[in-house]
Amino acid sequence: MRSSRIRRGLSMIAAVGLGVALTTTAQAATPDDMHYPAASVAYETFDIGSRGVQYTHVNGINNNGVIVGDYGDRQGQHGFVKDGESVSVINVPGAKRTILTSVNDAGTVVGVYVTAGSSIQHGFMQSASGEFTALDEPLAASTERRDYWGTVPEGINNAGVVVGYYFTTSPRGATCGDKPCDKTVSHGFSWNGDFTTYDPPDVSTEDNPRTGTRLFDINNDNVVVGSYLYLDSEQVGVTPGFRVLLSGEGFTTYIDPGFPANWCWSTTPSSINDSGTIAGLTVNGCGMSDLAWLLPAGDTTFATATEVDPPSSIYTEVCDINNTGVVVGSWTDSDGRAHGFIATPL
């Protein structure tokens with residue numbers, strides 16, 4: 001598992017993890033030379049201040065202003081909950097890595113942990129009173145062949161519905177046509193006592209290993225946002241974002257028009273609040289660059305998008321937005337250290 005926020009575009013895993021051959025093409029724009037108007041927000045940096053902390057990520061915020069995330073030190077990766085001035089550390093017993101990804105208004109958190117001696121991601125949910133629920137999709141790959149395999153819960157709403165993604169894979173020696181390949185595929189899921197798989201039509205089938213779906217967030221109207229990878233008519237991988245009702249109705253795609261649609265680039269809606277505002281990022285999976293943005297409800301063309309970019313950041317990732325418009329995420333400084341941030345509307 002990476003020592004950074006779990007959610008990213010699908011392009012890096014699709015291209016590198018699945019052994020896909022890339023064709024280098026000229027790219028018209030990068031996040032370094034294209035920007036949207038600046039979002040009207042005030043930025044606050046948040047770092048876990050303990051000695052020896054190497055990085056801090058803020059991954060989720062609820063409507064009460066409680067934030068969750070993770071930080072790293074020499075002992076491993078640890079989850080945290082910040083409620084006002086109080087910060088509580090959460091480590092799943094026996095885990096070397098614990099990451100909290102989302103929190104609802106009741107204080108129930110979801111996240112991922114990895115046990116010592118393993119590389120498989122396990123999902124979990126924990127109530128404000130400490131009740132622990134394992135969230136491992138039974139269909140998820142559970143061997144040690146890849147450090148990103150397993151089950152990854154990403155969002156939880158006030159009804160306790162959880163969304164995320166899991167990975168399936170093929171036995172060793174599998175082939176794609178006459179060539180060996182790793183048929184690893186990601187699938188979106190929702191959980192409300194039982195797991196339900198969600199993939200857009202013709203996406204993430206075992207017959208096409210170079211595809212995948214991830215769900216990142218769900219609001220209180222059961223609107224879900226995520227990303228998926230598909231192959232176009234010329235067998236070029238395209239990674240758009242989407243929003244859809246949990247029922248499967250109202251499927252809408254999002255592709256940032258300023259960037260090329262190919263293996264490297266992906267449009268990644270990270271979060272959606274109850275008014276329909278989406279916080280997300282355009283990801284260059286072939287290099288460390290993101291363009292973080294806010295997209296008002298109803299805008300599918302990015303005509304009214306605004307940019308989230310804390311001062312001194314060389315790499316910004318937005319992770320969540322609550323109903324008051326407060327945005328949280330992480331930014332990286334010129335020394336390569338990650339910091340959490342909270343962006344409050346002005």
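Since the model is a prediction, treat every value here as computed from it, not as a measurement.

Trainee: Can you break down the environment of Leu229 residue by residue, with the values?
Mentor: Residue placement: Leu229 occurs in strand 17 (residues 223-231). Classification of Leu229 by relative accessible area gives buried; the value is 2%. Sequence-wise, Leu229 and Ser186 are 43 residues apart; in three dimensions their C-alpha atoms are separated by 9.6 Å.

Trainee: Quick rundown of the pairing of strand 27 (residues 338-345)? Include the residues and the values.
Mentor: Along strand 27, six of the eight residues are buried, which leaves the element largely enclosed by surrounding structure. Pairing of strand 1 (residues 41-46) with strand 27 involves six bridges; the strand directions are antiparallel. Bridge pairing links Phe46 to Gly340 in strand 27. In this structure, strand 26 (residues 327-332) lies alongside strand 27, joined through six bridges in antiparallel fashion.

Trainee: Please give an account of the side chain of Ser227 that cites residues and values.
Mentor: As for its position among the elements, Ser227 is in strand 17. On the accessibility criterion, Ser227 (0% relative accessible area) is buried.

Trainee: A description of unusual backbone geometry should follow, citing residues and the corresponding values.
Mentor: Even without being glycine, Phe302 reaches a positive phi, approximately 70 degrees. Note on Phe302: relative accessible area 4%, which makes it buried. Within the chain, Ser312 stands out as a residue other than glycine whose phi angle is a positive 75 degrees. With respect to the helices and strands, Ser312 occurs in the loop between strand 24 (306-307) and strand 25 (315-321). A residue is classified by how much of its surface remains accessible, and Ser312, at 62% relative accessible area, is exposed.

Trainee: Please give an account of the packing of aromatic side chains that cites residues and values.
Mentor: Under the definition given, this model contains 14 aromatic pairs. Here Tyr36 and Phe302 contribute two aromatic rings whose centre-to-centre distance is 6.2 Å and whose plane-to-plane angle is 20 degrees, an arrangement assigned as stacked. Residue Tyr36 is located in the loop between helix 1 (11-17) and strand 1, and its partner Phe302 is located in the loop between strand 23 (289-295) and strand 24; the two are separated by 266 residues in the primary sequence. These aromatic residues form a ring-pair network of at least three members: Tyr198, Tyr228, Phe242 and Phe251.

Trainee: Explain the confidence of the model for the protein residue by residue, including any values.
Mentor: Predicted confidence across the protein gives a mean pLDDT of 84, with 76% of residues reaching 70 or more. Counting contacts from residues 1-31, a segment whose pLDDT is below 50, to residues more than four positions away or on other chains yields 98 contacts.

How each quantity is defined
Residues numbered from 1 in each chain as written. Predicted model: local features only at pLDDT ≥ 70, side-chain atom pairs only at ≥ 80, totals over all residues. Heavy atoms only, no water. Helix = DSSP H or I, 4+ residues; strand = E, 2+ residues; numbered from the N terminus. Buried < 20%, exposed > 50% of the residue type's maximum accessible area, 1.4 Å probe, protein only. Pairing = 2+ DSSP bridges. Phe/Tyr/Trp six-rings, centres within 6.5 Å; stacked < 30°, edge-to-face > 60°. pLDDT = per-residue confidence, 0-100. Contact = heavy atoms within 4.5 Å.

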